[in-house]
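This is what each chain is made of:
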Amino acid sequence: MGQLNARIVPVTPFQQNCTILFDMDDKTGVVVDPGGDVDQILAALKGDGIEATAIWLTHGHIDHAGGAMELKEALGVEIIGPHEADKPLLDNIENQAKRFGVGGAVRNCVPDRFLTEGDMVSFGEHVFEVLHCPGHAPGHVVYYNRAAQFAHVGDVLFRGSIGRTDLPGGNHAALIRSIKEKLLPLGDEIGFICGHGPGGRFGEERRSNPFLV
């Protein structure tokens, strides 16, 4: 098994961290949260010689799932995730675009498979545990690779901040529970990539994040 690596492609006016997770040896991987600018995502895959075998979604907001159907058609792969509680968001991505004034070819999204707490997803020999972490969105999931001590947390947790909870389906108390009961217990050493901005480590957030201390 080769080393797990990540390539971030900022997409959409929201500068969302579309993430390509891949194996350094065989260059297979997955695309996490293709919110838009699909041409840029395809160019990154081609430039790095990576074969994407699936699309993984953390949740159903437009900046994370708006380009998923277009990318699915371009690559011929399945869309996996998030939790089914985000189906209403995925069914209304085009309406989200109108509300936020976002142009481009965003489309409502129909995943091939929803995920639930305790599921496992993988590419090659890289196995990720699925954690259902509602609060920012009802069906938000986090992808956790125990072997690499790494998590893709989407918009649950940011460096020095947390996901907003003022959007439909948001719940501040649920979000704090998700972070404190599911993420932080994984260990201070766990590194994370988030949906916007720089990543970090859980330990630093536990000690200094003003929303958690």
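Everything numeric here is computed off the predicted structure, so don't read it as measured data.

## Overview of the overall build of the protein
Turning to step 1, where the next piece is worked out: A tally of regular secondary structure across the protein gives seven helices and 14 strands.
Turning to step 2, where the next piece is worked out: Against the 2.2 N^0.38 benchmark of 17 Å for 213 residues, the protein shows a C-alpha radius of gyration of 16 Å, consistent with a compact globule.
Turning to step 3, where the next piece is worked out: With the C-alpha coordinates aligned to their principal axes, the bounding extent of the protein is approximately 45 × 45 × 25 Å.
Turning to step 4, where the next piece is worked out: Looking at the protein residue by residue over its 213 residues, the buried ones come to 53%.
Turning to step 5, where the next piece is worked out: Considering only residue pairs separated by 6 or more positions, the protein has 59% of its internal contacts joining residues 24 or more positions apart.
Turning to step 6, where the next piece is worked out: Carbon and sulfur atoms form 50% of the exposed surface of the protein, whose accessible area is close to 8,900 Å².
Turning to step 7, where the next piece is worked out: Computed over 18 positive and 28 negative side-chain charges, the inter-centroid distance for the protein is 5 Å.

## A look at the pattern of salt bridges
Turning to step 1, where the next piece is worked out: Tallied over the entire structure, the rule returns 10 salt bridges.
Turning to step 2, where the next piece is worked out: Measuring nitrogen to oxygen at the nearest pair gives 3.0 Å for the salt bridge that ties Glu-117 to Lys-182. Pair noted here: Glu-117 is in the loop between strand 6 (113-115) and strand 7 (120-123) and Lys-182 is in helix 6 (residues 172-183), with a separation of 65 residues, a long-range link.
Turning to step 3, where the next piece is worked out: Its relative accessible area of 38% is what places Glu-117 among the partly exposed residues.

## Here's the deal with the packing of aromatic side chains
Turning to step 1, where the next piece is worked out: Scanning the model with the defined rule gives five aromatic pairs in all.
Turning to step 2, where the next piece is worked out: For the ring pair Trp-56 and Phe-123, a centre distance of 6.1 Å and an interplane angle of 50° mean the geometry is tilted. Residue Trp-56 is found in strand 4 (residues 51-56), and its partner Phe-123 is found in strand 7; the two are separated by 67 residues along the sequence. Here the two residues Trp-56 and Phe-123 agree in accessibility, since each one is buried.
Turning to step 3, where the next piece is worked out: The structure contains a cluster of three or more aromatic residues connected by ring pairs, namely Trp-56, Phe-123, Phe-128 and Tyr-143.

## Some words on unusual backbone geometry
Turning to step 1, where the next piece is worked out: Cis geometry marks the peptide bond from Gly-81 to Pro-82; its omega dihedral reads 0°.
Turning to step 2, where the next piece is worked out: On the secondary structure map, Pro-82 appears in strand 5 (residues 78-83).
Turning to step 3, where the next piece is worked out: You will see that Gln-15, though not glycine, has its phi angle at about 50°, which is positive.
Turning to step 4, where the next piece is worked out: Checked against the element boundaries, Gln-15 lands in the loop between strand 1 (4-11) and strand 2 (16-23).
Turning to step 5, where the next piece is worked out: Residue classification places Gln-15 among the partly exposed residues on the basis of a relative accessible area of 47%.
Turning to step 6, where the next piece is worked out: For Gln-149, which is not a glycine, the phi torsion comes out positive at approximately 55°.

## Let's talk about the pairing of strand 10 (residues 150-154)
Turning to step 1, where the next piece is worked out: Strand 10 sits mainly inside the fold: five of its five residues count as buried.
Turning to step 2, where the next piece is worked out: Here strand 10 shows two buried faces, one formed by Phe-150, His-152 and Gly-154 and the other by Ala-151 and Val-153.
Turning to step 3, where the next piece is worked out: The pairing of strand 9 (residues 141-145) with strand 10 spans three bridges and is classified as antiparallel. Among the inter-strand pairings, Asn-145 is bridged to a residue of strand 10, identified as Phe-150.
Turning to step 4, where the next piece is worked out: Joining the antiparallel neighbours strand 9 and strand 10 is a turn of four residues, in which Gln-149 adopts a positive phi near 55°.
Turning to step 5, where the next piece is worked out: Relative to strand 13 (residues 191-194), strand 10 runs parallel, the two sharing four bridges. Note that in strand 13 the partner of Gly-154 across the bridge is Cys-194.

## A short note on the sheet that holds strand 9
Turning to step 1, where the next piece is worked out: The sheet built from six strands is open, its strands ordered 7-8-9-10-13-14 with mixed pairing. The outermost strands of the open sheet, each flanked by one partner alone, are strand 7 and strand 14 (200-201).

Scoring rules and cut-offs
Residue indices begin from 1 for each chain and proceed along its sequence in written order. Under the rules for a predicted model, residues below a pLDDT of 70 receive no local features and side-chain atom pairs below 80 are neither given nor counted, while totals for whole chains, interfaces and linings still include all residues. Side-chain calculation: all heavy atoms of the structure are included, whereas hydrogens and water are not. Helix and strand assignments come from DSSP, with helices taken as H or I runs of at least 4 residues and strands as E runs of at least 2, each series counted from the N terminus. C-alpha atoms define the radius of gyration in this analysis, and the globule rule sets the expected value at 2.2 Å times the number of residues to the power 0.38. The cut-offs for exposure are 20% and 50% of the maximum accessible area for each residue type, with area from a 1.4 Å probe on protein chains only; residues under the lower value are buried, those over the upper are exposed, and the others partly exposed. Working rule for contacts: check all heavy atoms of both residues, and any pair within 4.5 Å makes them a contact. For the area figures, the Shrake-Rupley method with a 1.4 Å probe applies, and any residue is considered shielded solely by the protein chains shown. Counted as positive: Lys and Arg. Counted as negative: Asp and Glu. His and the chain ends are not counted at all. The atom standing in for a charge is NZ when the residue is Lys, CZ when it is Arg, CG when it is Asp and CD when it is Glu. When a carboxyl oxygen of Asp or Glu is within 4 Å of a side-chain nitrogen of Lys or Arg, the pair counts as a salt bridge. What counts as a ring pair is set by centres within 6.5 Å for rings of Phe, Tyr and Trp (its six-membered ring), and what kind of pair is set by the plane angle: stacked under 30 degrees, edge-to-face over 60, tilted for all other angles. Strand pairing is assigned whenever DSSP identifies at least 2 bridges connecting the two strands.

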